[in-house]
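# Topology and contacts: notes
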Amino acid sequence: MSILFSPMTVRSRTFRNRLWVSPMCMYSAVDGVPQEWHHTHLAQFASGGAGLIIAEATAVVPEGRISPRDTGLWSDEQRDAWAPIVRAVHDRGGLIGVQLAHAGRKASTWWPWAPQRGSVPHEDGGWTTVAPSALAFEGFAEPAALDAAGIDAVVAAFADAARRALDAGFDVLEIHAAHGYLLHQFLSPLSNRRDDDHGGSLENRARLTLRVIDAVRAVAGEDVPVFVRISATDHAEGGFDPEQAAQVGEWAVAHGADLIDVSSGGLVAHQRIAVGPGYQVPLASTVRQGGRIPTAAVGLITAAEQAEQVLSERSADAIFAGREWLRDPHFGLRAAHELGADVAWPPQYARAVWR
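### Overview of the overall build of the chain
Within the chain, the secondary structure is distributed over 11 helices and 12 strands. Relative to its length of 355 residues, the chain is compact, with a C-alpha radius of gyration of 19 Å against a globular reference of 20 Å. The principal-axis extent of the C-alpha atoms belonging to the chain is close to 60 × 40 × 40 Å. Scored against the burial criterion, the 355 residues of the chain give a buried share of 60%. A sequence separation of at least 24 residues applies to 70% of the contacts in the chain between residues at least 6 apart.

### Section: the layout of surface pockets
For the largest pocket, the calculated volume is near 1300 Å³. Lining of the largest pocket is provided by 44 residues; of these, Pro-23, Tyr-27, His-179, Tyr-181 and Arg-323 occupy positions nearest its centre. Mapped onto the lining of the largest pocket, the elements with two or more residues apiece are strand 12 (318-321) and helix 10 (323-327). Of all the elements, helix 10 adds the most residues to the lining of the largest pocket, at 3 residues. Residue composition of the lining of the largest pocket, by class: 24 nonpolar, 15 polar and 5 charged.

### A closer look at helix 11 (residues 331-339)
Of the positions making up helix 11, those classed as buried are Phe-331, Gly-332, Leu-333, Ala-335 and Ala-336. Packing partners of the buried residues in helix 11 comprise strand 3 (19-21), helix 1 (36-47), helix 9 (304-312), strand 12 and helix 10. Immediately downstream of helix 11, the backbone of Gly-340 shows phi near 75°, a positive value.

### Describing helix 1
For helix 1, built from 12 residues, the straight-helix expectation of 16 Å at 1.5 Å per residue is met to within 8% by its first-to-last C-alpha distance of 17 Å. Of the residues making up helix 1, those classed as buried are His-38, His-41, Leu-42, Ala-43, Phe-45, Ala-46 and Ser-47. If you follow the buried residues of helix 1, they end up packed against strand 3, strand 4 (53-59), helix 2 (76-91), strand 5 (96-101), helix 10 and helix 11. Positive phi shows up at Gly-49, right after helix 1, with a value of about 100°.

### Some details on the pairing of strand 10 (residues 259-263)
Taking burial as the measure, the 5 residues of strand 10 include 5 buried ones, the bulk of the element. Burial along strand 10 is two-sided: Leu-259, Asp-261 and Ser-263 facing one way and Ile-260 and Val-262 facing the other are all buried. Taken together, the 5 bridges between strand 9 (residues 226-231) and strand 10 define a ladder with parallel strand orientation. Bridged to Ile-230 within strand 10 is Val-262. Handedness of the crossover joining strand 9 and strand 10 through helix 7 (residues 242-254) is recorded here as right-handed. Strand direction decides the pairing type here: strand 10 and strand 11 (residues 295-297), joined by 3 bridges, are parallel. By the bridge assignment for strand 11, Asp-261 is matched with Ala-296.

Criteria and cut-off values
Residues numbered from 1 in each chain as written. Predicted model: local features only at pLDDT ≥ 70, side-chain atom pairs only at ≥ 80, totals over all residues. Heavy atoms only, no water. Helix = DSSP H or I, 4+ residues; strand = E, 2+ residues; numbered from the N terminus. Rg over C-alpha atoms; globule rule 2.2 N^0.38 Å. Buried < 20%, exposed > 50% of the residue type's maximum accessible area, 1.4 Å probe, protein only. Contact = heavy atoms within 4.5 Å. 1 Å grid on protein atoms, 1.4 Å probe; cavity = no way out; pocket = protein on both sides within 12 Å on 5 of 7 lines; lining within 4 Å. Points joined across faces, edges and corners; volume = space filled by probe spheres on them. Nonpolar A, V, L, I, M, F, W, Y, C, P; charged D, E, K, R; others polar. Expected span 1.5 Å × (residues − 1). Pairing = 2+ DSSP bridges. Right-handed = clockwise from strand over helix to strand, strands pointing away.

Limitation: the analysis is restricted to geometry and does not speak to function.
See the structure below:
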């Protein structure tokens, strides 16, 4: 029996398989409100056999958006726009989560296909960004260092956004602490130069992430899974590394996280990454600590047998893929066929089942 297509239960949710859709920013929202694009984009993956779909990095406050076109969950209007998207995934037999995010010093930037690059000026709709320390990401505007009250407000914003996410019907809450965004900025000594109780030691640098996990878990209760995405290395000398990531993963689970979604990089422009098929899988294995910490692996996992091998080698408990789902929104159905797994197809597609 295929491990990839075996069910997985986390708290009260049972995922029909372990081949999941990574959160991928679409840069297509209006004032944080998801649009028809998001509805079609996300619902198609449920028809295509995904076990779980995580909606894109969704800002908990307006100034937490990566770009002015990011989705949000700081208002009831946004909550109400997400609800029919969630229902569409459920109607197709899938489960859906949302990635709660704050971009910190990497906020207020132009979207990928804009003709400009770098930070969006105030006159063009940009805003002043915040970070643990007043250190800019290379090529971006300098952020303002958060004070104690600002840090407390960030924690409260994650909790409020989590509450709206549950009201919209999301099945899973994922906290974004990766890719150089605000929580990752606190975790890494390359971006966190504070000398208070949120800086210095790893325990202090992890404090904000753990406070956010506590706040989101309090909202989620005992039934709803809470995942945390981390960058397990900065790919830069003196930065956050896999050993620190393993410790943070252990602390995160102790604070109520159910699974660590292990990615890497994004904190500094001078990172050096050796990219190749499954290049981040060893990081997931390190954080997993022999099975003590549930993890998901990501990073150029593009084939059914490759994903199956990651699970059979016990490097991770589940697989997140991104680009392959964009290339083939029915990646789940195709992967099941290639592995000989018997899965249910939408009845509307039954005429296309491989014989």
